[in-house]
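Descriptive analysis of the structure
One-letter residues, chain by chain:
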Amino acid sequence: MEVVEFGALTDLERGELEGDETDPFETRGITLRYRGKERHIGLSDGGVLVASAGLTTATVVVREKPFEVVGLGGVIVRADRRGQGLARRVVEEALARAATIGPAFVALFCHDDRAGLYEKLGFREVHSPVEVEQADGFVRAAQMMMWRPLEAGAAWPEGAVTLHGLPF
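In this section: the overall build of the chain. Broken down by element type, the chain carries 3 helices and 10 strands. Helices (α) and strands (β) of the chain occur, in sequence order from the N terminus, as β-α-β-β-β-α-β-α-β-β-β-β-β. Taking 2.2 N^0.38 as the reference for a compact globule, 168 residues should give roughly 15 Å; the C-alpha atoms of the chain span a radius of gyration of 16 Å, in line with that estimate. Here the C-alpha coordinates of the chain stretch approximately 50 × 35 × 25 Å along the principal axes. Every one of the 168 residues in the chain was classed for burial, and the buried ones make up 44%. By sequence separation, contacts in the chain at least 24 residues apart represent 72% of the contacts at least 6 residues apart. Per element, the accessible surface of the chain, about 8,700 Å² overall, is 48% carbon and sulfur.

A cluster of acidic residues, Asp112, Asp113, Glu119 and Glu125, forms a negative patch at the surface. Assignment of secondary structure puts Glu119 in helix H3 (residues 115–120). Classification of Glu119 as partly exposed rests on a relative accessible area of 48%.

Moving on, we get to the packing of aromatic side chains. For any two aromatic rings, the description comes down to two numbers: the centre-to-centre distance and the angle of the planes. Within this structure, the stated rule accounts for 7 aromatic pairs. With a centroid separation of 5.7 Å and 80 degrees between ring planes, the pair formed by Phe105 and Trp147 is classed as edge-to-face. One end of the pair, Phe105, is in strand S5 (residues 105–110); the other, Trp147, is in strand S9 (residues 144–149), with 42 residues separating them in the sequence. Residues Phe105 and Trp147 agree in their burial class; the two are buried.

Moving on, we get to the nonpolar core. Across soluble globular proteins, nonpolar side chains show a tendency to be buried alongside one another. Within the largest apolar cluster, 25 residues are counted, with the highest numbers of intra-cluster contacts made by Leu72, Tyr118, Phe123 and Met146. In terms of residue count, helix H2 (residues 86–98) provides more of this core than any other element does, 6 residues in total. When neighbours within four sequence positions are excluded, Phe123 is seen to be in contact with Leu72, Leu95, Val106, Leu108, Tyr118, Met146, Trp147 and Arg148. Of all hydrophobic cores here, the second largest spans 21 residues; its members include Val69, Ala141, Ala154 and Trp156.

Now for H2. The α-helix winds at 3.6 residues per turn, so residues separated by three or four positions along the chain end up facing the same way. The end-to-end C-alpha separation of H2 is 18 Å, in line with the 18 Å expected for 13 residues at 1.5 Å each. Buried residues of H2: Leu86, Val90, Val91, Ala94, Leu95 and Ala98, and no others. Turning to H2, the residues buried within the fold contact strand S2 (39–45), strand S3 (48–62), strand S4 (65–77), S5, H3 and S9.

Turning our attention to the pattern of salt bridges. When the charged atoms of two side chains lie near each other, side chains of opposite charge can form a pair. Per the counting criterion, the structure on display carries 7 salt bridges. Here Glu5 ties to Arg39 by a salt bridge, and the two come within 2.6 Å at their closest N and O atoms. Taken together, the residues span a long stretch of sequence, with Glu5 in strand S1 (residues 2–6) and Arg39 in strand S2 at a distance of 34 residues. Given the relative accessible area of 41%, Glu5 is considered partly exposed. When its relative accessible area of 25% is taken as the criterion, Arg39 is described as partly exposed. Between Arg88 and Glu92 there is a salt bridge, and its shortest N-O distance comes to 3.1 Å.

Let's shift gears to the pairing of S4. The pairing of S3 with S4 spans 11 bridges and is classified as antiparallel. Paired with Thr59 across the bridge in S4 is Glu68. Between S3 and the antiparallel strand that follows it, S4, lie 2 residues; Arg63 among them carries a positive phi value of about 50 degrees. Pairing between S4 and S5: 3 bridges, direction parallel.

It is worth spelling out the pairing of S9 at this point. Within a regular beta strand, the side chains point alternately toward one face of the sheet and then the other, so they alternate between its two faces. The pairing of S5 with S9 spans 6 bridges and is classified as antiparallel. The partner of Cys110 across the bridge, within S9, is Met144.

About the cut-offs
- Residues numbered from 1 in each chain as written.
- Predicted model: local features only at pLDDT ≥ 70, side-chain atom pairs only at ≥ 80, totals over all residues.
- Heavy atoms only, no water.
- Helix = DSSP H or I, 4+ residues; strand = E, 2+ residues; numbered from the N terminus.
- Rg over C-alpha atoms; globule rule 2.2 N^0.38 Å.
- Buried < 20%, exposed > 50% of the residue type's maximum accessible area, 1.4 Å probe, protein only.
- Contact = heavy atoms within 4.5 Å.
- Areas by Shrake-Rupley, 256 points an atom, 1.4 Å probe, with all protein chains shown as cover.
- Patch = residues over 30% accessible without salt bridge, like charges linked within 9 Å, V, L, I, M, F, W, Y side chains within 5 Å.
- Salt bridge = Lys/Arg side-chain N within 4 Å of Asp/Glu carboxyl O.
- Lys, Arg positive; Asp, Glu negative; His and termini not counted.
- Charge placed at Lys NZ, Arg CZ, Asp CG, Glu CD.
- Phe/Tyr/Trp six-rings, centres within 6.5 Å; stacked < 30°, edge-to-face > 60°.
- Core = buried A, V, L, I, M, F, W, Y, C linked by side-chain atoms within 4.5 Å.
- Expected span 1.5 Å × (residues − 1).
- Pairing = 2+ DSSP bridges.

Structure follows, in structure tokens:
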């Protein structure tokens with residue numbers, strides 16, 4: 001298994017990961033738009049992409065104080081390779097790279113049933129209300145937001161969160 005790093009997902013790479021799944025991220029019923037990720041970390045097996053996680057940077061505001069975060073999103077493992085620990089491995093590889101980008105925090109949005117994986121990797125839930133930007137203004141986030149420090153001693157501030165730009 002080889003770790004690869006690349007830019008935005010191409011249609012070919014997306015096809016390798018999603019296969020014939022119609023809703024691999026289980027977004028049915030979620031009407032939010034999400035941002036593309038400029039940077040991806042993947043796992044390749046024999047030249048075939050089997051897992052990927054995207055990284056981007058974003059500005060969040062808590063109590064009128066803006067700060068940058070590394071956004072982690074688009075975590076996917078091919079359906080035929082799930083259950084082999086690849087999600088954990090690709091997220092760990094992405095976190096290692098996130099720590100080199102600069103912001104003190106990495107954040108993500110996930111379904112409640114996936115929070116356990118991220119908790120095992122040191123993420124904590126944001127319990128305050130979270131609003132994200134959409135084309136027609138700010139709306140309440142449809143998924144749980146979680147964070148993790150990338151610097152020793154970094155603590156997420158208490159208070160409502162506003163994410164400028166599309167969620168990741």
